[in-house]
Amino acid sequence: MSDHEYNPKSKFGKWFNDRLPLLTLANHLTDYPTPKNLNYWWTFGGILTFCLITQIVTGLVLAMHYIAHADMAFDSVEHIMRDVNYGWLIRYIHANGASMFFLAVYIHIFRSLFYGSYKAPREIIWIIGIIIYLLMMAAAFMGYVLPWGQMSFWGATVITNLFSAIPLVGEGIVTWLWGGYSVDNPTLTRFFTLHYLIPFLILGLVVLHIWALHVPGNNNPVGIDIKKPSKDTVPFHPYIVIKDGFALLMFMIVFAFFVFYTPNILGHADNYIEADPLVTPAHIVPEWYLLPFYAILRSVPDKLLGVIAMLSAIFILAALPWLDTSKIRSAVFRPLYRQFYWILVADVLILGYVGAMPAEGLYLLIARVATAYYFLHFLVILPVLGFKEKTLPLPISITEPVLGGSPNLAAAKNREGLKE
Amino acid sequence: MKKFSRIIFLIILITCFQYNSNAAEKVEYLKTDWSFKGLFGKFDRASLQRGYQVYTEVCSSCHSMKYLSYRNLTEKGGPEFTEAEAKAIAASFEVKDGPNSDGDMFTRPGKLSDKFVMPYDNVKAAQSANGGAYPPDMSVLVKARGGGVDYIYSLLQGYEDPPIGITLDDGVYYNKFMYGNKIKMANQLSDGLVEYSDGTNATVEQMSKDVTTFLMWAAEPHLEARHKMGFKAIVYLIILTTLVYFSMKRIWSRVKTEV
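Residues numbered from 1 in each chain as written. Chains lettered and ligands numbered in written order. Predicted model: local features only at pLDDT ≥ 70, side-chain atom pairs only at ≥ 80, totals over all residues. Heavy atoms only, no water.

### Thoughts on the overall build of chain A
Part 1 of the reasoning: Across its full length, chain A carries 17 helices and 2 strands.
Part 2 of the reasoning: Evaluated residue by residue, chain A yields a buried proportion of 55% over its 420 residues.
Part 3 of the reasoning: Considering only contacts in chain A between residues 6 or more positions apart, those separated by 24 or more positions represent 79%.
Part 4 of the reasoning: Carbon and sulfur atoms make up 71% of the accessible area of chain A, which amounts to about 18,900 Å² in all.
Part 5 of the reasoning: Put simply, chain A has 27 plus and 26 minus side-chain charges, and the middle of one group is 14 Å from the middle of the other. (Helix = DSSP H or I, 4+ residues; strand = E, 2+ residues; numbered from the N terminus. Buried < 20%, exposed > 50% of the residue type's maximum accessible area, 1.4 Å probe, protein only. Contact = heavy atoms within 4.5 Å. Areas by Shrake-Rupley, 256 points an atom, 1.4 Å probe, with all protein chains shown as cover. Lys, Arg positive; Asp, Glu negative; His and termini not counted. Charge placed at Lys NZ, Arg CZ, Asp CG, Glu CD.)

What follows is the structure in C-alpha cells.
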C-alpha cells in the first residue's frame, strides 16, 4: 500500500491525514494500478460488492417489518408483500438478490479457476474468498428458513439433521442447534439472529479480501507478473471504475428482469405454503445454488461419509493453490488444463442438475460419476497436470502484443477468439 | 461484446436448469390467454370482479382468504370496485368483534378494514366439515402450486370419471390434473352456476378463468405496479448503460488497448 507518499494539498487535509490517513487510503484506491488487459470476467468483484450492499440494505428494511416467530413469520412476510409501501419490491430484490449474488460469485470463482488467480502470491485472497463463500451459503440457507414456508421448514430439518451423522455427540448437537427436539420457534429466532449477523462478517472479510488483493495487485488474463505502475497498468479511476460500472449496469438489467417479471421462478412454490411439521413435501430441494453440493451429499450411500464428501468438496477449494502444481497461471497458456477446466464446469452443472432430481436410478448413477470426477479433478488431474503439461511460452509483458510483438500471445488470443 | 454473449448464455443455461428442475413432473395443463402475463400484463378488471363473485358464491364457503381485506377490493390494480360497492360487500358479512365495554363479544356488519371473513373458526372445524381434508387458504394459492394459474385453471375443469381399475373411497374424486389424481374437493362448477351481473355467459371455462384471475390478483396484488415499474426501470437502465458504454469507450481511447 505504500507505493508512494501522498501529501494532501490543504493545511487541514495534511493535519487530518497525519492523524487518520483516510486521504492516503482514498488516493491509493483511485490511483491503484490495475492491469489494463483485464477482461469483463474481472468486473464481477465490483458486482459482488454491489450485491452484498444491496442485500444488507434491503435486508435492514425487511427486518424492520419481519417478525421472527413461528406463528407470525409467514404472516409478516405477506404483510410486507401487501401492506408495506413497496414491500413487494424490497422483498423480491432481497430474494432474487441472493440468487444474483450466487450467480456472480460462481462466475467470480470460475474466473479465478481459469486464470489461476489463486496461485502465489494470491493464496490468502483465495482462502478469504472461500471463507466468504462458505458464509454466503450459511447466510442464504438461514435466510431461506425465515419466511417459514414448507421448504424453509423441511430444508432446515434436512440440513440440521446432517449434524446427527457425527458419531456419539451428533444427536446432542442437533438438539442444541434446534433449541428443542425439532425445528421450531427457537430455531427460527436463532437463524434470524445469525442471518442478520453473517452479512456484516462477510463485509469485514470483503475488506480483508480487497486489502489482500491490493498487496500483490490484480492477476490478469495473461497471468504474468507485471510492473506496477507501468505501461501495463491503468489507474483504477477512471478506467476500471467506468468499466466495472458498465458491467454492473448490464448485470442490473438481468437482475431487474428477474425482480420485476419472474420474481418467483428461482424459488420453490412450496415455500408459499406455511410450514407444517405434520406434512412433508414430496421433494425437498435446496435453492439452485446449493444443488451441486446437495447432489454430492446424496450420491454417497452412508450419511456420515456423505456429509464428509459434501464438506470436502468445499474445503478442497481452499487447498487449491497447493493442489495445482503448475507454475503457469492463465489457462490461455495451458492447452490441456483448459480442456479439463471446461469438463469441470460441465461436471458442476451436471451435479446441479441431478441435485434437483430424485436420487434414484440413472440420476443417482450420474451423480456418483460426477462426484467422483469432481474429486478426481482436484486430487489427481491438477497435481499431475502441473508436471506433465507442455505449456505455451509466455509473453514478456502484456504491452508487448499490443505494440505488435509476441507471436505466442497472438496465437493464444486467436485460439480464444475461435472459441467465442 | 462477445464476452457478454457468453455471460448471457450462462445465465440462460442456469435459468433453464432451474426451470427443468421445477418442471420435473409436468402435466400438459389447459391453456388460456392470461391478460396479466407479459411485460405490460394487466388484470382484466371485469374478470376480476366476476372472479370475486365466483369466489364468494362458490369457494368461500370452504376456502378462507385470510390475508385479504375488503378495502383491497377498491385498491388500484385490483377489481377496483367503487368504495360504495366495497362497503356494501363488506357490510353483507357478519364480523365478530369485541370485547365491548361490558366485556362481551358481539357481531356487527363488516367494514372496509376487516379481513375477509373466514368460513370456519379454526383448522379443526374446517377439517371435520370436509372429511378430514383442510381446504387450503386461497390468499397465495396460485404461487404455492408448481403450475401456478394454469394448474388451478385446469384443475377446476379436470374432473372426470375415474379410469377402469381405479376405485375411489367415499368423498374422494378423480381429477386428471391433481397430483396423484385423487382430490377431496368435489367438482364445484357447472354451467350457469352463478349469474354474472354483466351478462357474461357463466360457462365452467369462463368461471374457472375468472376465479383464477381473481386468485392471481389475491396472491400478487401489486402485479400491475410491478410490471409498470419494471418496464420503466429496465428502459432507464438500458439508456444509462448505453451512455456509460460510450463514456467508457471515450475514456479508454486514451489507452492503447481494447475494452
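### Structural notes on the overall build of chain B
Part 1 of the reasoning: Within chain B, the secondary structure is distributed over 7 helices and 4 strands.
Part 2 of the reasoning: Out of the 259 residues belonging to chain B, those deemed buried represent 40%.
Part 3 of the reasoning: Considering only residue pairs separated by 6 or more positions, chain B has 60% of its internal contacts joining residues 24 or more positions apart.
Part 4 of the reasoning: Total accessible area computed for chain B in this model is approximately 14,200 Å², and 56% of it derives from carbon and sulfur atoms.

### Examining the layout of surface pockets
All names here are of chain A.
Part 1 of the reasoning: Estimates place the volume of the second largest pocket at around 1,200 Å³.
Part 2 of the reasoning: Looking at the second largest pocket, it is lined by 49 residues, and the ones nearest its centre are Gly45, His108, His209, Ile210 and Leu213.
Part 3 of the reasoning: Among the elements of the structure, helix 2 (22–31), helix 3 (44–65), helix 5 (87–115), helix 6 (123–145), helix 9 (185–214) and helix 10 (236–261) are those that each provide at least two residues to the lining of the second largest pocket.
Part 4 of the reasoning: With 8 residues, the top contributor of residues to the lining of the second largest pocket is helix 9.
Part 5 of the reasoning: Class assignment of the residues belonging to the lining of the second largest pocket gives a composition of 30 nonpolar, 15 polar and 4 charged. (1 Å grid on protein atoms, 1.4 Å probe; cavity = no way out; pocket = protein on both sides within 12 Å on 5 of 7 lines; lining within 4 Å. Points joined across faces, edges and corners; volume = space filled by probe spheres on them. Nonpolar A, V, L, I, M, F, W, Y, C, P; charged D, E, K, R; others polar.)

### A short note on a nonpolar patch on the surface
All names here are of chain A.
Part 1 of the reasoning: Taken together, Ile53, Val57, Leu60, Met64, Tyr196, Phe200 and Leu203 make up a surface patch of nonpolar side chains, about 620 Å² in accessible area.
Part 2 of the reasoning: Residue assignment for the nonpolar patch shows that the elements contributing at least two residues are helix 3 and helix 9.
Part 3 of the reasoning: Counting residues per element, the nonpolar patch draws most heavily on helix 3, which supplies 4 residues.
Part 4 of the reasoning: Secondary-structure assignment places Phe200 in helix 9. (Patch = residues over 30% accessible without salt bridge, like charges linked within 9 Å, V, L, I, M, F, W, Y side chains within 5 Å. Salt bridge = Lys/Arg side-chain N within 4 Å of Asp/Glu carboxyl O.)

### A few points about the packing of aromatic side chains
Part 1 of the reasoning: By the definition in use, this model includes 50 aromatic pairs over all chains.
Part 2 of the reasoning: A ring pair is formed by Phe251(A) and Phe255(A), whose centres lie 6.4 Å apart and whose planes are at 80°; its orientation type is edge-to-face. In this pair, Phe251(A) and Phe255(A) both sit in helix 10, 4 residues apart, roughly one turn of the helix. Grouping residues by exposure puts Phe251(A) and Phe255(A) together as buried.
Part 3 of the reasoning: On the numbers, 6.5 Å between centres and 65° between planes, the contact of Tyr353(A) with Tyr363(A) is edge-to-face. Here Tyr353(A), found in helix 14 (residues 335–355), pairs with Tyr363(A), found in helix 15 (residues 361–388); they are 10 residues apart in sequence, far enough to count as distant.
Part 4 of the reasoning: Three or more aromatic residues joined by ring pairs make a cluster, and in this case those are Tyr52(B), Tyr55(B), Tyr70(B), Phe81(B), Phe93(B), Phe116(B), Phe214(B) and Trp217(B). (Phe/Tyr/Trp six-rings, centres within 6.5 Å; stacked < 30°, edge-to-face > 60°.)

### Section: the side chain of Thr54(A)
Residues and elements named next belong to chain A.
Part 1 of the reasoning: Along the chain, Thr54 falls in helix 3.
Part 2 of the reasoning: Look at Thr54 and you get buried, because its relative accessible area is 14%.
Part 3 of the reasoning: Polar side-chain contacts of Thr54 include one of 2.6 Å to the backbone oxygen of Phe50.
Part 4 of the reasoning: Residues in contact with Thr54, not counting those within four places in the same chain, are Gly59 and Ile93. (Polar contact = N/O pair within 3.5 Å; in protein donor to acceptor, adjacent residues only side chain to side chain.)

### A look at the state of the cysteines
All names here are of chain B.
Part 1 of the reasoning: Per the stated rule, a full pass over the model turns up 0 disulfides over all chains.
Part 2 of the reasoning: Unpaired in this structure, Cys59 has its nearest cysteine sulfur neighbour in Cys62, at a distance of 9.2 Å.
Part 3 of the reasoning: Cys59 sits in the buried class, given a relative accessible area of 14%. (Disulfide = S-S within 2.5 Å.)

### Focus on the packing of helix 5 (residues 148–156) of chain B against helix 6 (residues 204–219) of chain B
All names here are of chain B.
Part 1 of the reasoning: Orientation of helix 5 relative to helix 6, taken along the N-to-C sense of each, is 145°, at an axis distance of 9 Å. The two elements helix 5 and helix 6 cross, and the hand of that crossing is right-handed. Counting all contacts with helix 5, which are made through Val149, Ile152, Tyr153 and Leu156, the residues of helix 6 involved are Glu205, Ser208, Lys209, Val211, Thr212, Leu215 and Met216.
Part 2 of the reasoning: A per-class count over the contact of helix 5 with helix 6 returns 7 nonpolar, 2 polar and 2 charged. (Axes fitted to C-alpha atoms, helices over the stretch in contact; angles between N-to-C directions. Left-handed = near helix turned anticlockwise from the far one by under 90°.)

### What to know about the domain arrangement of chain B
All names here are of chain B.
Part 1 of the reasoning: Taken domain by domain, chain B comprises domain 1 (30–68 + 115–221) and domain 2 (223–259).
Part 2 of the reasoning: Using C-alpha coordinates to define each centre, domain 1 is positioned 43 Å away from domain 2.
Part 3 of the reasoning: Contacts between the two partners involve 11 residues from domain 1, matched on the other side by 5 residues from domain 2.
Part 4 of the reasoning: Carbon and sulfur atoms make up 54% of the area that domain 1 and domain 2 hide from each other, which totals about 710 Å².
Part 5 of the reasoning: Considering only the surface of domain 1 that becomes buried against domain 2, Leu39, Phe40 and Glu220 emerge as the three largest contributors, covering 43% of it.
Part 6 of the reasoning: The tally of links between domain 1 and domain 2 comes to 2 salt bridges.
Part 7 of the reasoning: Across the pair Glu224 and Arg45 runs a salt bridge whose closest N-O atoms are separated by 3.1 Å.
Part 8 of the reasoning: Between domain 1 and domain 2 we count 5 residue pairs in polar contact (both at pLDDT 80 or more) in total.
Part 9 of the reasoning: Considering only residue class, the side of domain 1 that touches domain 2 consists of 6 nonpolar, 2 polar and 3 charged. (Domains from an automatic or database assignment. Buried area = accessible area lost by both parts, 1.4 Å probe.)

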